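Geometric and topological summary
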Amino acid sequence: MRTLITGGNVISMDPGIGDLDRGDLLLENDVIVDVAEHIDAPDAVVIDASDRVVMPGFVDTHRHTWQTAFRGVGVDWTFTEYLAAVHGTLKPHYQPEDVYLGNLLGRLEALHSGVTTMLDWFHCGRTPEHVDAAVQGLRDAPGRSILCYGAGWGTTASVDDEVRRVRSELTGNGPVTMALGLRGPELTDMDTVAAELTLAGDLGLRTSVHIETGGRNRPIADLHEHRLLSSTTTFVHANGVGDDELHMLADAGSSVSISPDVELKMGIGWPMTGRVLAAGLRPSLSTDDAPSAGGDMFASMRSAHVAQRGLDGTLNARDVLEFATIDGAAACGLVDRTGSLTPGKDADVILLSADDPTVFPFNNPAGTIVAAGHPGLVDTVLVAGRVVKHGGRLLDIELPTLRNRLVESRDRIAAAAGIPLDGTWHPSSDSH
Ligand SMILES: [Zn+2]
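Below you will find a few notes about this structure. Computed from a predicted structure; not experimentally measured. (Residues numbered from 1 in each chain as written. Predicted model: local features only at pLDDT ≥ 70, side-chain atom pairs only at ≥ 80, totals over all residues. Heavy atoms only, no water.)

**Considerations on the overall build of the chain**
Scanning the chain for helices and strands turns up 15 helices and 17 strands. Against the 2.2 N^0.38 benchmark of 22 Å for 432 residues, the chain shows a C-alpha radius of gyration of 21 Å, consistent with a compact globule. Taken along the three principal axes of its C-alpha coordinates, the chain extends 65 × 50 × 40 Å. Nonlocal contacts in the chain, meaning residues at least 24 apart in sequence, comprise 75% of its contacts between residues at least 6 apart. (Helix = DSSP H or I, 4+ residues; strand = E, 2+ residues; numbered from the N terminus. Rg over C-alpha atoms; globule rule 2.2 N^0.38 Å. Contact = heavy atoms within 4.5 Å.)

**What to know about helix H15 (residues 399-417)**
With 19 residues, H15 should cover 27 Å at 1.5 Å per step; its first-to-last C-alpha distance of 27 Å lies within 8% of that length. When H15 is considered as a whole, its buried residues turn out to be Leu402, Leu406, Ser409, Ile413, Ala414 and Ala417. End-on view of H15: buried residues confined to an arc of 125 degrees, all on one side of the axis. Exposed side chains of H15 directed beyond 90 degrees from the buried face belong to Asn404, Glu408 and Ala415. (Expected span 1.5 Å × (residues − 1). Buried < 20%, exposed > 50% of the residue type's maximum accessible area, 1.4 Å probe, protein only. Arc of directions from axis to C-beta.)

**With respect to the coordination of the zinc ion**
Donor atoms from the polypeptide that coordinate the zinc ion comprise His62 (NE2), His64 (NE2) and His210 (NE2), at 2.0 to 2.1 Å from the metal. Expressed as a motif, the donor residue spacing for the zinc ion is H-x1-H-x145-H. On the criterion of sequence distance, the pair formed by histidine 62 in strand S6 (residues 58-63) and histidine 210 in strand S10 (residues 207-211) is long-range, its members being 148 residues apart. (Donors = N, O, S within 2.8 Å, 3.2 Å for Na, K, Ca; no water.)

**Some points on helix H6 (residues 190-203)**
The end-to-end C-alpha separation of H6 is 20 Å, in line with the 20 Å expected for 14 residues at 1.5 Å each. Among all positions of H6, only Met190, Thr192, Val193, Glu196, Leu197, Leu199, Ala200 and Leu203 are buried. Of the surrounding elements, those touching the buried residues of H6 are helix H4 (160-169), strand S9 (176-182), helix H5 (184-187), S10, helix H7 (219-225) and strand S11 (233-237). In this structure aspartate 189 caps H6, since a side-chain oxygen of it lies 3.3 Å from the backbone nitrogen of aspartate 191. Just beyond H6, the residue with positive phi is glycine 204, at close to 65 degrees. (Polar contact = N/O pair within 3.5 Å; in protein donor to acceptor, adjacent residues only side chain to side chain.)

**With respect to a nonpolar patch on the surface**
A cluster of nonpolar residues, Leu264, Trp270 and Leu311, forms a patch on the protein surface that exposes about 310 Å² of accessible area. Turning to its location among the elements, leucine 311 is positioned in helix H11 (residues 297-312). For leucine 311, a relative accessible area of 46% corresponds to the partly exposed category. (Patch = residues over 30% accessible without salt bridge, like charges linked within 9 Å, V, L, I, M, F, W, Y side chains within 5 Å. Areas by Shrake-Rupley, 256 points an atom, 1.4 Å probe, with all protein chains shown as cover. Salt bridge = Lys/Arg side-chain N within 4 Å of Asp/Glu carboxyl O.)

**Structural notes on the environment of histidine 374**
With respect to the secondary-structure elements, histidine 374 resides in the loop between helix H14 (365-372) and strand S15 (378-383). Overall, the relative accessible area of 25% leaves histidine 374 in the partly exposed class. Residues histidine 374 and alanine 299, 75 residues apart in the sequence, show an inter-C-alpha distance of 7.4 Å. Residues in contact with histidine 374, not counting those within four places in the same chain, are Phe298, Asp356 and Thr358. A polar contact is formed between the side chain of histidine 374 and the side chain of threonine 358, at a distance of 2.8 Å.

**Notes on the sheet that holds strand S12 (residues 255-258)**
Within the open sheet, the eight strands sit side by side as S6-S7-S8-S9-S10-S11-S12-S13. Their pairing is parallel. Where the open sheet ends on each side, the last strands, each with one partner, are S6 and strand S13 (284-285). Examined bridge by bridge, S9 and S10 share three bridges and lie parallel to one another. Note that in S10 the partner of leucine 182 across the bridge is valine 209. Against the sheet, helix H3 (residues 128-139) touches strand S7 (115-122), strand S8 (144-149) and S9, its axis set at about 165 degrees to S8. Here H11 sits on the sheet and contacts S6, S7 and S13; the angle it forms with S6, its principal contact strand, is near 85 degrees. (Pairing = 2+ DSSP bridges. Axes fitted to C-alpha atoms, helices over the stretch in contact; angles between N-to-C directions.)

Dropping the structure here:
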């Protein structure tokens, strides 16, 4: 089957193709086969992209999707309050069904806002059934997802058997793949970090790790001294680490995931965007968590841009758009498959409404997307050539039923935990 997306304003994110004021995109089954100003394909199914921007889908490199039911309750929390509330108070009441619904609705939310690839940083695996429910939630949403399994969270126990079990169920190049979420130098010791990295290597898994204590413990230098920096690890946040540590990451070929909204509002630190770039790394972007922040990449892009412009006036919108697409794909080990509109890559494509009053006239497309873009612009989403959203609506998804189930899940957990949902809940740090 061939599909022709025709007459759009194409932002390819491929330097060899560039931007086309008016361009066509030809897909064959799940793959992009041509991008050009005019393509003749009389046999193809046509998607009219007049008044649309055509660009690669966004890549979110770090989202705790299981927390979706508690959207907004923590917008005024500090990081310490977040830990006490979500991990200390809510998580013990999560059942597998709650994980399933959080992951499914969270993944659908991401898809709805144009995130075709999403890394689910999952640390609610209280039992194997919870982990299986997380996988099923991702599988039931038609996006490209990576279950980044934070195994043994809150413990120092060996995770080998459980990680091998999940790995045996997530093989191949299907829509849901696996990574390993390390407990890392802040939550465990170097022997455990080394053991987890060895396990990940044995199983062919990329890894991701949070660095949240600022620079005071020099966690990256510590990993460097133990020869534990790898090209397949993504470092989340990393606020406040030294410039020398960022150069260590660049030398190792590691990647970085910046969550600008959460880092700023929880007081984790200023986003490291400019310093990461200065060290020779290309950052990726992430939304992190729904209790504190919105789940769309437009907000992450705008906050990253605004914060760095505020610090030193250096960052360009075009770079930010790269962080949210091609650089995110690289951080997920998927740059050969997604992140740009390049022939041979999977057809992960979004169409944004350029005639919407909030962005019209659509001058300087990359700049307008970063400065004024929002999920309401996402008209059409294709994942590996399959249309999953069109005319502003997710296809083949029973949202009303799922919404009801998520509300029931939320109410049950909130009642068991004894917490209000109206933003007045400020847990003290010693309840963690
Ligand atoms: Zn996180």
